[in-house]
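# Structure at a glance
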Amino acid sequence: KAGVTQTPRYLIKTRGQQVTLSCSPISGHRSVSWYQQTPGQGLQFLFEYFSETQRNKGNFPGRFSGRQFSNSRSEMNVSTLELGDSALYLCASSFSPLLENNSPLHFGNGTRLTVT
Amino acid sequence: EDKVVQSPLSLVVHEGDTVTLNCSYEVTNFRSLLWYKQEKKAPTFLFMLTSSGIEKKSGRLSSILDKKELFSILNITATQTGDSAIYLCAVEARVETSGSRLTFGEGTQLTVNP
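One numbering rule holds for all chains: residues counted from 1, following each sequence as written. Chains and ligands are labelled sequentially in the order written, the chains with letters from A and the ligands with numbers from 1. Only residues with pLDDT of at least 70 are given local features in this predicted model, and only at 80 or more are side-chain atom pairs given and counted; all residues enter the totals for whole chains, interfaces and linings. Only hydrogens and water are set aside when side-chain values are computed; all heavy atoms of the structure are taken into account.

### Some thoughts on the overall build of chain B
For helices the rule is a DSSP run of H or I covering at least 4 residues; for strands it is a run of E covering at least 2, with both sets numbered from the N terminus onward. On a plain count of helices and strands, chain B comes out with zero helices and eleven strands. Its helices and strands in sequence order give chain B the pattern β-β-β-β-β-β-β-β-β-β-β, from N to C terminus. The atom set for the radius of gyration is the C-alpha atoms, and the globule formula is 2.2 Å times the number of residues raised to the power 0.38. Relative to the compact-globule value of 13 Å for 114 residues, chain B shows a C-alpha radius of gyration of 14 Å, a close match. Residues counted as buried form 46% of the 114 residues belonging to chain B. Remark: exposure states derive from per-residue accessible area (1.4 Å probe, protein chains only) relative to the maximum for the residue type, with buried under 20%, exposed over 50%, and partly exposed in between.

Below you can see the structure in the form of structure tokens.
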């Protein structure tokens with residue numbers, strides 16, 4: 001069974017640009033959640049999608065948005081990039097909604113975004 | 001605001017040593033606490049703890065939760081170089097409207113030297 005796949009692996013953008021990251025969950029998983037990981041802040045929850053609906057959102061500005069498609073694949077978009085957005089962006093999938101039914105998260109390898 | 005604090009932030013030991021990693025939390029509507037191991041990129045799931053005082057074990061790793069004192073520990077016995085990783089603690093809290101949110105600690109960087 002293929003794991004969670006994130007593309008691209010690496011991305012370099014300049015301030016003010018926008019970026020779209022993609023996440024394909026494990027087959028059969030309907031929940032996809034996104035996280036930002038930086039050395040100073042650790043791993044922070046961005047949002048979760050289940051069956052194409054956003055269920056939860058972390059404390060991030062509106063420049064961070066996402067969506068989920070009918071095949072459960074998810075995209076995350078960041079507009080008007082800032083230097084502080086440089087981070088590893090991880091997505092995780094699970095069969096049930098986030099952690100319900102003791103359903104653990106399976107993480108992808110992440111997209112390393114560098115904003116210059 | 002939910003808060004998860006891990007200690008120590010980094011730890012260097014020799015193979016064969018036993019280590020104890022700590023995670024304390026302050027969250028509203030606590031639901032569960034999770035431990036992950038992150039080696040290169042993707043964190044891998046270790047344990048989910050929901051009840052106080054019940055130890056979960058997997059090989060040389062074990063973990064326990066204290067919901068009264070709001071902390072958890074992760075023990076690794078007879079450490080090996082392959083245990084070198086960042087160990088992340090996360091707390092799940094129920095959201096009022098629906099679903100859950102996760103708050104992660106900064107992680108403990110464990111280095112096991114031969």
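### Examining the interface of chain B and chain A
Contacts are residue-level and defined by heavy atoms, with any inter-residue pair within 4.5 Å sufficient. With 21 residues of chain B at the contact, the number on the chain A side is 22 residues. In this description, buried area is defined as the sum, over both parts, of the accessible area (probe of 1.4 Å) that is lost when the two are combined. For the pair chain B and chain A, the two sides together bury roughly 1800 Å², of which 57% comes from carbon and sulfur. Sorting the residues of chain B by area buried against chain A places Lys-41, Leu-102 and Phe-104 of chain B first, and these three jointly supply 31% of that buried surface. Between Lys or Arg on one side and Asp or Glu on the other, a salt bridge is scored when a side-chain nitrogen of the former is within 4 Å of a carboxyl oxygen of the latter. Taken together, chain B and chain A are joined by zero salt bridges. Counting residues per element, the ones that place at least two in the side of chain B that touches chain A are strand E4 (30-38), strand E5 (44-49), strand E9 (85-94) and strand E10 (100-104) of chain B. For the side of chain B that touches chain A, the residue count by class is ten nonpolar, six polar and five charged. Residues are grouped as follows: Ala, Val, Leu, Ile, Met, Phe, Trp, Tyr, Cys and Pro are nonpolar; Asp, Glu, Lys and Arg are charged; every other residue, Gly included, is polar.

### Structural notes on the state of the cysteines
All names here are of chain A. Only a pair of cysteine sulfur atoms within 2.5 Å counts as a disulfide in this structure description. Summed over all chains, the structure comprises two disulfides over all chains. The side chain of Cys-23 participates in a disulfide bridge whose partner is Cys-91; the two sulfur atoms lie 1.8 Å from each other. Between Cys-23 and Cys-91 the sulfur-sulfur dihedral comes to about 60 degrees; the bridge is accordingly right-handed. Of this pair, Cys-23 sits in strand E3 (residues 19-24) while Cys-91 is found in strand E9 (residues 87-94), placing the two residues 68 residues apart along the sequence.

### As for the packing of aromatic side chains
Stacked, edge-to-face and tilted labels apply to pairs of Phe, Tyr and Trp rings (six-membered ring for Trp) whose centres lie within 6.5 Å, assigned for plane angles under 30 degrees, over 60, and everything in between, in that order. Enumeration over the complete set of coordinates arrives at nine aromatic pairs over all chains. Ring geometry for Tyr-25 of chain B and Phe-30 of chain B: centres 4.9 Å apart, planes at 20 degrees, overall stacked. Phe-30 of chain B gets classed as partly exposed once you look at its relative accessible area, which sits at 22%. Following the ring pairs from residue to residue traces out a cluster consisting of Tyr-35, Phe-45 and Phe-107 of chain A together with Tyr-36, Phe-45 and Phe-104 of chain B.

### Here we look at the environment of His-29 of chain A
Residue and element names in this part refer to chain A. Mapped onto the fold, His-29 is located in the loop between E3 and strand E4 (31-38). Judged by relative accessible area, which is 10%, His-29 ranks as buried. Among residues more than four places away in sequence, those in contact with His-29 are Ser-72, Ser-93, Ser-94, Phe-95 and His-106. Any pair of N or O atoms that falls within 3.5 Å is considered a polar contact. Within protein, one atom must be able to donate a hydrogen and the other to accept it, and sequence-neighbouring residues count only if both atoms are side-chain atoms. For His-29, the side chain forms a polar contact with the side chain of Ser-93, separated by 2.7 Å.

### Quick notes on the side chain of Arg-63 of chain A
Mapped onto the fold, Arg-63 of chain A is located in the loop between strand E6 (53-57) and strand E7 (64-68). When residues no more than four places from it in sequence are discounted, the contact partners of Arg-63 of chain A are Asn-77, Val-78, Ser-79, Thr-80, Leu-81, Glu-82 and Asp-85 of chain A.

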